[in-house]
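Per-entry structural report
Each chain is listed here by its residues.
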Amino acid sequence: MLGFTLYSDFDNAVDEERGRLRTLSTLIANNTAVLLERNRERMTGINKRPEVQAMDPAQCGTLFADLQAMFPEFANVATVDLNGSAPCSAVPQPGGKPVSVAKTEWFQRALAEKRFVVGKPFIGPITGKLVSVLVEPVWSENKELRGFLGLPLDLERFNPRIPAGSLPEGTRFGFISADGIMVWRNADQEQLIGKYVGDQTGPKLALQIRDGDAQTIGTDGVARRYAFVSIPEANWIAFSGVPTASITNRVLAAAMRNTLVGVIGLSLIGVLLWFLMRRIDRADRDLHAALEAAEAANRAKSVFLSNMSHELRTPLNAILGFAELMEHDENIPQAQKRNLNTINRSGRHLLTLINDILDLSKIEAGRLTMQIQVGDLRELIETIVEAMELRARQKGLELNVHVGDDVPRFISTDPGKLRQILMNLLSNAVKFTDHGGIDLDVSASDWDRQSTRLTLVFVVRDTGIGMADDELGRIFQPFYQTEHGIRSGEGTGLGLTIARQFTQLLGGELVAASIVDKGSAFTLRLPVDVAETMVALPPHRRVVALAQGQASRRILVVEDREDNQRLLTQLLQQVGLETRVAANGKEALEAFEAWHPHFIWMDMRMPVMDGYEATRRIRALPGGHEVKIAALTASAFREDRDDIIAAGCDDVLSKPLDEEQLFSAMERLLGLHYRYAEQSTVPVVASVSGADLARLPTDLRQELSRAAQILDEETTQRVIDRVRETDACLADELEQLVRAYRYDRIVTLCEGPQGFP
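Here the residue index of a chain counts from 1 through its sequence in written order. Totals for whole chains, interfaces and linings use all residues, but because this is a predicted model, local features are given only for residues with pLDDT of at least 70 and pairs of side-chain atoms are given and counted only at 80 or more. The side-chain quantities take in all heavy atoms of the structure and omit both hydrogens and water.

**Some words on the overall build of the chain**
Here is the rule: Starting at the N terminus, helices and strands are each numbered in turn, a helix being any DSSP run of H or I of at least four residues and a strand any DSSP run of E of at least two. Exposure categories follow from relative accessible area, calculated using a 1.4 Å probe and restricted to protein chains: below 20% of the type maximum is buried, above 50% is exposed, and the middle band is partly exposed. We call two residues contacting when some pair of their heavy atoms lies within 4.5 Å. The Shrake-Rupley method, run with a 1.4 Å probe, gives the accessible areas here. Residue values count only the displayed protein chains as cover.
Per the secondary structure count, the chain includes 24 helices and 25 strands. Expressed as a percentage of its 757 residues, the buried residues of the chain come to 44%. Here the contacts in the chain between residues at least 6 apart in sequence split such that 64% fall between residues at least 24 apart. Split by element, the accessible area of the chain, about 39200 Å² in all, is 53% carbon and sulfur.

Listed below in C-alpha cells is the structure:
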C-alpha cells in the first residue's frame, strides 16, 4: 500500500512540476520575444532618420543621444553600411575610426537575408561585452537597401523579468542558442555564459528536443526535470529546470505524512475531514472571488460603453434636432434645405455607426445575434457609397459602383451587419489606395427565380499597394495589421476580423486575393431571401399645433445640457404646450411641487441628482403617481432601459430624439390630439421623353445618367443647373423627377432609344 502511494504521489508531483516548468519556459520565451519585437519597432522608427539614411560619419551628430532611455538593455547602437563599416556608433569606436564588422556572422546573415535577424552571442569589438546583435535593414524611400542598424543586446544586463522567489532552490532557467552557445541563465557558477555547451548532456538534449520536456543532467552535474520552449524570432531555446531531488523529497515527506496518518488511524479522521472542509471552503471562496472579479471587469466594460454611448449621442441629439427644426422653417432657401437634409442624413448614418460599434461588444460575450428584416438593397448601397465618396474624392480616387440587372431590390437579411461589412471593405480599399480607383460590383448567383433563396456576390476591388502572401494569410486575425497599415498609424486591426465574424454569422463567406503593387479584391458571398417589397411604413406627419379644442398641458423638461433644453422647449412651445426647465433632479423636485406639471421629460444622467433618484422621489410625493414621466437616455443598452422602467418611468426614448416619436409618446400617455402639416405632393410631369434629352450634348447626358445611377443628389442637381442654362423647362421637369426620387426614370430617359447615340 505504501509503495502504491509513493508511486502515485511521485507521478502526480512530476505532472505538476512539468506544468509549472512549461509555464515558466513559455513565460521566458514570450518575454524575450516581446523584448525583441518592441526594440525592432523602435529600430524601424530610427531607420527613417536622415542621419541613419546617410550612412556617413560626418552626419552622425546627436543621433544616439537618447540611447540609454530608448534601449536600457542594450550596450550600443550603430549604423552599418553595405561594406560592413560602422559609420555611426553610440559608444566611441577604438582609434576613433569606424570598426569593420564585415566578417561577423550577424552582418553576413543580414546582408544575405535582408531582414531582421538576431545574431549569435559574441564579444563585441566596440563594447568589449558579451552581446547578441539585433539587426534591422535600413531601406530608402525608393526601397533601396542603404545598410543596417545594429543593436547589441548586453547579456549581462538582460533580465527576462521572471518572479524567481517562489521557485525551489536549485532551479535553473535561461536560454541557449540553436548552435549550442549559452546565451543567458539565472545562475552561472560554472561561468558558461557566452561559451559553447552543445556537447554537454543537458544542452545537447535541449537542442534535440527544442519544444518539450525531459529529465537530464545539468551542466553542474545536478539531475533536473527540464522544460524547453523555442524562440523562433532569435533561434534560441528557453529552458527551466527543477532538481529531481526536490520532487523526490516532497513525495517522501508526503508519504511519511500518509504513513503517520495510517498509524494514528481512525482517531484523526475527523481532523482530516475538518481540514478538507476548510480547503473546500477556501477554494469556494477563491472561486467566488474570481467570479466577482470577472463580473467587476464586465461591469467596468459596460460602464465604459454606456459612458461612450452617452457622450456620443448627447451632442448628436442637438445636431439632428436643430437641423430638423431648421428644415421646417419656410424662410430658409431651398438650396440650404438641401444642405440641412444632407446634415440630417449624415447624422442618421453616424447614429447607425455608433449603434454598430456598441453592438461589437457582444462579439466577445458570445451574445451577437442577427436582426433579420426586409431592406432596400439599392438604398443601402447608396448610403454606403455616399459615406465613402468624399474620402475617395479627397484622395483623387474614382469610386465606381455596378449593380447587376439580376440583383433584386428588396432582400431579407441583417442590413446593419451587411452595411458594416461593406463599409469596412470599402474603407480599407480607400485607405490603401493612392492612385486609380475602387470598384464595387454586386451580382446574383445560384438563383433560378423559382425560389426566393439566392446568393449575392459583392466584390470590392482596388488598385492599391496589395499584400504579400504571408500578410494575406493573417489579415483576418484579430489586431493584425500589415506593415503599411502600421506605418499609416490608422486603425486597430479589428475591421476585417469583425467583417468575417459578421459574414459567418449571416451564413456567408468572405475571401481575399491580392497582388503586391497591383491591388486587392475582397469577395463576399452572402445567402439572402428575396422579398417582393418592403412593409410600408406609416406616413411621416409633422405636428404643427394642438388640435382645435385640445387644452394645453404643462410639460417639465429636466435636462442638464443647455442646447438640449433649448431644442426640447422649442419643439414643445411651437405646438402650444407650456414648458419649464430644470437643470437637474433636485430642481425637478422643486418644480414639481411648485408647478404640478402634467408630463415630465426626464434626462437620466445629470449632476447633483440623476433622473433615477428624481423619478423615485417624485413618485413618493403627493400626486407623483398621476404625472406621466418619460425618460430621455443616450444609452444603447437594454439593461439600462429595464432599470429606467423599474425606477418609475412610463416610457423611454433614446437620444438623438425623433420629433415624431416625441409627440407620439405624449399622445399615447397624455391623450393629446394634434394638427398636422399638410402632406405636400410633387406632381411628376410625364411629358419629358428621351427625345427631349437627346437635344442635350452627349457628355452632359452621360454625366446625368451616371449621377442618377448612383443616386448622387448633389451631382445630379449640378448637371440640371447646367441644363437650365439652355432649356429651363426641361430642367424644371428633371427637378420634379429628383424631388419624387425617380432617379430610375432619369436613367431610362438618358439611356433610352433616343438617349445615347
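Further notes follow.
**Side note on helix α22 (residues 713-724)**
Heads up, the rule is: To estimate how far a helix should extend, the number of its residues minus one is multiplied by 1.5 Å.
For α22, which comprises 12 residues, the first-to-last C-alpha distance of 16 Å matches the rise-based estimate of 16 Å (1.5 Å per residue) to within 8%. Taken together, the buried positions of α22 are Thr715, Thr716, Gln717, Val719, Ile720 and Val723.

**Let's talk about the pairing of strand β15 (residues 437-445)**
Looking down a regular strand, the side chains alternate between one sheet face and the other. Threshold: Should DSSP find at least two bridges between two strands, the strands are regarded as paired.
Bridge count between strand β13 (residues 398-403) and β15: 6 bridges; the pairing is parallel. Looking at β15, one finds that Leu399 is bridged to Ile438. Relative to strand β16 (residues 453-462), β15 is paired through 8 bridges, and the arrangement is antiparallel. The residue of β16 that forms the bridge with Ile438 is Asp462.

**Points about the packing of helix α21 (residues 698-709) against α22**
Heads up, the condition is: Axes here refer to lines fitted to C-alpha atoms; in helices the fit is confined to the stretch in contact. Angles between the N-to-C directions go from 0 to 180 degrees. Small angles under 35 degrees read as roughly parallel and large ones over 145 as roughly antiparallel, with 65 to 115 read as roughly perpendicular and the rest as oblique. Note: crossing handedness is left-handed where the near helix turns anticlockwise from the far helix by less than a right angle, and right-handed where it turns clockwise. In this classification, Asp, Glu, Lys and Arg are treated as charged, Ala, Val, Leu, Ile, Met, Phe, Trp, Tyr, Cys and Pro as nonpolar, and every other residue, Gly included, as polar.
The contact between α21 and α22 brings their axes to 8 Å, and the two run at 155°. When the axes of α21 and α22 are compared, the pair comes out roughly antiparallel. In terms of crossing hand, the pair formed by α21 and α22 is left-handed. Between α21 and α22, the residues in contact are Leu700, Glu703, Leu704, Ala707 and Ala708 and Thr715, Thr716, Val719, Arg722 and Val723, respectively. Grouping the amino acids of the contact of α21 with α22 by side-chain chemistry returns 6 nonpolar, 2 polar and 2 charged.

**Overview of the packing of aromatic side chains**
Operational definition: Here a Phe, Tyr or Trp ring, Trp counted by its six-membered ring, pairs with any other such ring whose centre lies within 6.5 Å, and the pair is stacked when the planes are under 30 degrees apart, edge-to-face when over 60, and tilted otherwise. Cation placement over rings: the criterion is NZ of Lys or CZ of Arg within 6 Å of the ring centroid and within 35° of the ring normal.
Per the stated rule, a full pass over the model turns up 9 aromatic pairs. On the basis of an interplanar angle of 5° and a centroid distance of 6.0 Å, the ring pair of Tyr226 and Phe228 is categorised as stacked. Each of the two residues, Tyr226 as well as Phe228, counts as buried. Members of the aromatic cluster, joined through ring pairs, are Phe173, Phe175, Trp184 and Trp236. Stacked on the ring of Phe502, the Lys or Arg Lys417 has its end atom at 5.6 Å from the ring centre.

**Some details on the pattern of salt bridges**
For clarity, the cut-off: The rule for a salt bridge is simple: a side-chain nitrogen of Lys or Arg has to be within 4 Å of a carboxyl oxygen of Asp or Glu.
Counted according to the given criterion, the structure contains 25 salt bridges. Among the salt bridges present, the one from Arg724 reaches Glu735, with a minimum N-O distance of 3.1 Å. One end of the pair, Arg724, is in helix α22; the other, Glu735, is in helix α23 (residues 728-739), and 11 residues separate them in sequence. One network of salt bridges, in which partners are shared, links Arg172, Arg185, Asp188, Glu190, Asp220 and Arg224.

**Some words on the environment of Leu546**
Structurally, Leu546 is set in strand β19 (residues 543-546). Judged by relative accessible area, which is 13%, Leu546 ranks as buried. Expressed as a C-alpha distance, the spacing of Leu546 and Tyr674, which sit 128 residues apart in the sequence, is 4.3 Å. Residues within four places of Leu546 in sequence aside, it is in contact with Ala551, Ser552, Val575, Gly576, Leu577, His673, Tyr674 and Arg675.

**Observations concerning the packing of helix α16 (residues 585-595) against helix α17 (residues 611-620)**
Between α16 and α17, whose axes approach to 9 Å, the crossing angle comes to 20°. Considered as vectors, α16 and α17 are oriented roughly parallel to each other. The element α16 and its partner α17 pack so that their crossing is right-handed. In contact with Gly585, Leu589 and Phe592 of α16, α17 contributes Ala614, Arg617 and Ile618.

**So, the sheet that holds strand β9 (residues 212-217)**
Spatially, the 5 strands line up as an open sheet ordered β8-β7-β11-β10-β9, and their pairing is antiparallel. A strand with exactly one partner marks an edge of an open sheet, and here the two such strands are β8 (182-185) and β9. Sheet twist, expressed as the average angle between the axes of neighbouring strands with direction ignored, equals 25°. Relative to the sheet, helix α5 (residues 201-209) contacts β7 (172-177), β9, β10 (223-231) and β11 (236-243), its axis offset from that of β9 by approximately 160°.

**With respect to the sheet that holds strand β21 (residues 578-582)**
Here 5 strands make up an open sheet; going across it, the order is β21-β20-β22-β23-β24 and the pairing parallel. With one partner strand each, in any of the chains shown, β21 and β24 (651-654) form the two edges of the open sheet. Each neighbouring strand pair of the sheet contributes to a mean axis angle of 20°, computed without reference to strand direction. The pairing of strand β20 (residues 554-558) with strand β22 (residues 599-603) spans 4 bridges and is classified as parallel. When the sheet's bridge partners are listed, Ile555 is paired in β22 with Phe599. The strands touched by α16 within the sheet are β20, β21 and β22, with β20 carrying the most contacts at an inclination of about 170°.

**Considerations on unusual backbone geometry**
Phi at Lys143 takes a positive value of approximately 65°, unusual for a residue other than glycine. Judged by relative accessible area, Lys143 falls into the exposed class, the value being 60%.

**Some points on helix α19 (residues 659-670)**
What counts, and what does not: Directions are taken from the helix axis to each C-beta atom, and the arc is the one they span.
Here α19 spans 16 Å end to end across 12 residues, near enough to the 16 Å set by a 1.5 Å rise per residue. Along α19, the residues that are buried comprise Glu659, Leu662, Phe663, Ala665, Met666 and Leu670. Viewed end-on, α19 has its buried residues packed into an arc of 150°, placing them on one side of the element. Remark: Gly671 follows α19 within two positions and exhibits a positive phi of approximately 75°.

**Structural notes on a nonpolar patch on the surface**
The line we're drawing: Patches were defined on residues exceeding 30% relative accessible area and lacking a salt bridge, with like-charge contacts within 9 Å and nonpolar side-chain contacts (Val, Leu, Ile, Met, Phe, Trp, Tyr) within 5 Å.
Together, Val271, Trp274 and Phe275 make up an exposed nonpolar region whose accessible area comes to about 340 Å². Mapping Phe275 onto the fold places it in helix α7 (residues 269-327). Exposure remark for Phe275: the relative accessible area of 45% places this residue in the partly exposed category.

**Looking at empty space enclosed by the protein**
For clarity, the threshold we go by: Definitions used throughout: a 1 Å grid over protein atoms alone; a cavity as a set of points that fits a 1.4 Å probe which cannot get out; a pocket as an open set with protein on both sides within 12 Å along at least five of seven lines; a lining residue as one with an atom within 4 Å of a point. Grid points are joined across faces, edges and corners, and a volume is the space filled by probe spheres set on the points.
One pass over the full model with this rule turns up 3 cavities of 30 Å³ or more. One number sums up the size of the second largest cavity: a volume of about 130 Å³. In terms of lining, the second largest cavity is formed by 13 residues, of which the most central are Met182, Gly202, Pro203, Tyr226 and Phe239. Those elements that provide at least two residues to the lining of the second largest cavity are β7, β8, α5 and β10. For the lining of the second largest cavity, the leading source of residues is α5, giving 3 residues. Classifying every residue of the lining of the second largest cavity gives 7 nonpolar, 4 polar and 2 charged.

**Considerations on the pairing of strand β14 (residues 410-413)**
Side-chain alternation along β14 places Phe410 and Ser412 on one buried face and Ile411 and Thr413 on a second face that is also buried. Across 4 bridges, the pairing between strand β12 (residues 373-376) and β14 is antiparallel. Residue pairing for β14: Gln373 is matched across the bridge by Thr413. With 2 bridges joining them, β14 and strand β18 (residues 519-530) adopt antiparallel strand pairing. Of the residues in β18, the one forming a bridge with Ser412 is Asp529.

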